[in-house]
Amino acid sequence: MLGAAAAAAAVPAARKRATKAIMSLTDTAAARIRHLLSQRSSHPDGIRIGVRRRGCNGLAYTMNYAQRDEVGKFDEVIEDKGVTVFVDAKAVMFLIGTEMDFHEDRIRAEFVFRNPNAKGTCGCGESFRV
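Residues numbered from 1 in each chain as written. Predicted model: local features only at pLDDT ≥ 70, side-chain atom pairs only at ≥ 80, totals over all residues. Heavy atoms only, no water.

Draft legend 1. Representation of unusual backbone geometry. With phi around 55°, histidine 43 is a residue other than glycine that occupies positive phi space. For lysine 81, which is not a glycine, the phi torsion comes out positive at approximately 55°. Following the sequence through the fold, lysine 81 ends up in the loop between strand 4 (76–80) and strand 5 (83–87). (Helix = DSSP H or I, 4+ residues; strand = E, 2+ residues; numbered from the N terminus.)

Draft legend 2. Broad picture of the sheet that holds strand 6 (residues 98–104). The sheet built from three strands is open, its strands ordered 1-6-7 with mixed pairing. Lying at the two open borders of the sheet, with one neighbouring strand each, are strand 1 (23–25) and strand 7 (109–114). Here the strands of the sheet are splayed against their neighbours by 25° on average, with no regard to which way each runs. Bridging between strand 1 and strand 6 involves three bridges; their strand directions are parallel. When the sheet's bridge partners are listed, leucine 25 is paired in strand 6 with methionine 100. (Pairing = 2+ DSSP bridges. Axes fitted to C-alpha atoms, helices over the stretch in contact; angles between N-to-C directions.)

Draft legend 3. Summary view of the pattern of salt bridges. Scanning the model with the defined rule gives seven salt bridges in all. Ionic pairing is found between arginine 68 and glutamate 79, a salt bridge with its closest N-O pair at 3.0 Å. Highlighted residues: arginine 68 in the loop between strand 3 (59–66) and strand 4 and glutamate 79 in strand 4, separated in sequence by 11 residues. A relative accessible area of 42% places arginine 68 in the partly exposed class. The class of glutamate 79 is exposed, set by a relative accessible area of 57%. One salt-bridge network, held together by shared partners, links Arg48, Asp75 and Asp88. (Salt bridge = Lys/Arg side-chain N within 4 Å of Asp/Glu carboxyl O. Buried < 20%, exposed > 50% of the residue type's maximum accessible area, 1.4 Å probe, protein only.)

Draft legend 4. Structural context of the pairing of strand 4. Note: strand 4 against strand 5, five bridges, orientation antiparallel. The residue of strand 5 that forms the bridge with valine 77 is phenylalanine 86. The hairpin formed by strand 4 and strand 5 contains two residues between the paired strands, and lysine 81 there has a positive phi angle of roughly 55°.

Structure follows, in structure tokens:
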């Protein structure tokens, strides 16, 4: 019997299926991230998305500048629309299928996460629950 590694190696490259990214970005979100990255003197490689316990519903999104050498062993790396997004390994199960967008109006400018896993959000939209 072949081991799992040997079986995977035996599959021809043409039959291997591309994996879908954990989350996606809209064109507006990618443009805003590119703008923010260009404004930093430290020249980050991308942004790091995660979640932490916080808010009325239990979880809140986190977003920080990141360098490629700070990526954890199990973090997901998404390269989409000219932007690199590092997804914290602990956040992956909460972010599967999420679309990140950017909205701006006269009152505020914010990133918006459309998360199909969220079962509820607080009134201000800062936290969510799954």
